[in-house]
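# Tertiary structure, described
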Amino acid sequence: MEIIVKETVEEMSKCAARVVARTLNAKPNAVLGLATGSTPLGLYKELVRMHKEEGLDFSQVTTFNLDEYVGLTQNHPQSYHYFMHENLFKHINIPKQNIYIPSGTTDNYAAFCQWYEQRIMECGGIDLQILGIGSDGHIAFNEPTSSLGSRTRIKTLAKQTIEDNARFFDAMEQVPIYAITMGVGTILEAEKIILLANGVKKAAAVAAAIEGPVTSMITASALQLHRDTMFIIDREAASNLKMLEYYEWIQAKMPNAP
Ligand code: PGA
């Protein structure tokens, strides 16, 4: 794992955007795995700027989103469909038919989940997966005790997640209880992964994911088994890391490595 600590959320976002741009420059028809939530907003803003000002091209890109709330229609302002269109897709030149987001309103979730997994495979797998992390250590909606081999499926959200998400809804009763989410096993098949985290509220989860044991109690800890994961985090999110000095030493010495 590579741990990159940035002073601000803006620097964190720009660093992640540079990795995405490098991926697209090397492989214009790359498959991106995308996340929602407040964390990747700065990344998407920077990608939009790069598209508009520097011609970053999405015309051959395919995207798969991690998750969606069950029961929210695509145009519900809190749906992840809506979030992605507002914050990224409507500002870039990605063809509509190349965008995949799990459906929160299908009448056959089991069949949909199987189809979603199959589409990822048919598109050649995910080249670069963007992740956030929940304060309970989840990636996508893989809540504590999710199988580390799990695939796309319906999950019942943890109370902590429902409480964390309540800020986006008018009332607690409106916060969805179920979500459709890629599994930990699905995520681990991505070629490269970037996990973003900022703020002191994420510090405990980040430390557990990087330095704790691999455990389904912190599904982000499964990333320790992945061969090419970068944690790009701000200083507050890094504040519980025991080996912080070492990670910064590595980053400082990396340019001169043979
Ligand atoms: P956040 O959510 O980016 O809104 O903090 C992250 C997550 O729950 O995965």
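Residues numbered from 1 in each chain as written. Predicted model: local features only at pLDDT ≥ 70, side-chain atom pairs only at ≥ 80, totals over all residues. Heavy atoms only, no water.

### Notes on the nonpolar core
Core analysis: the largest hydrophobic core is formed by 73 residues, its most contacted members being L47, I232, I233 and L241. Here this core gets 8 residues from one element, more than from any other, and that element is helix 1 (residues 9-26). L241 has contacts with I3, V206, A207, I210, E211, I233 and Y247, leaving out every residue within four places of it along the chain. Counting 10 residues, the second-largest nonpolar core is a separate cluster that includes Y69, F141, F169 and A179. (Core = buried A, V, L, I, M, F, W, Y, C linked by side-chain atoms within 4.5 Å. Buried < 20%, exposed > 50% of the residue type's maximum accessible area, 1.4 Å probe, protein only. Helix = DSSP H or I, 4+ residues; strand = E, 2+ residues; numbered from the N terminus. Contact = heavy atoms within 4.5 Å.)

### Observations regarding the pairing of strand 6 (residues 128-131)
Covered by surrounding structure in strand 6 are L128 and I130 together with Q129 and L131, the residues of both alternating faces. Pairing of strand 2 (residues 31-34) with strand 6, which is carried by 2 bridges, proceeds in the parallel orientation. Across the sheet, G33 pairs through a bridge with Q129, a residue of strand 6. By the bridge criterion, 4 bridges tie strand 6 to strand 9 (residues 192-197) in an arrangement that is parallel. Its bridge partner lying in strand 9, I130 is registered against I194. (Pairing = 2+ DSSP bridges.)

### Quick word on the environment of T186
Here T186 lies in helix 6 (residues 184-188). Note on T186: relative accessible area 6%, which makes it buried. On a C-alpha basis, the gap between T186 and S38 in space is 23 Å, while along the polypeptide they are 148 residues apart.

### Thoughts on the sheet that holds strand 8 (residues 178-181)
Overall, antiparallel pairing links the 3 strands, which are arranged 4-8-7 in an open sheet. In this open sheet, the two strands that pair with only one neighbour each are strand 4 (67-69) and strand 7 (153-156). Taken over all neighbouring pairs, the strand axes of this sheet differ in orientation by 30° on average, direction set aside. Alignment of strand 7 against strand 8, held across 4 bridges, turns out to be antiparallel. Each bridged residue has a counterpart across the sheet, and for K155 the counterpart in strand 8 is A179. (Axes fitted to C-alpha atoms, helices over the stretch in contact; angles between N-to-C directions.)

### Here we look at the sheet that holds strand 5 (residues 99-100)
Strand order in the open sheet formed by 7 strands is 1-10-9-6-2-3-5, with parallel pairing between adjacent strands. Two strands lie at the open edges of the sheet, namely strand 1 (2-6) and strand 5, each paired on one side alone. Of the pairings in the sheet, the one linking strand 1 to strand 10 (residues 229-234) comprises 5 bridges and is parallel in character. Within the sheet, the bridge partner assigned to I4 lies in strand 10 and is I232.

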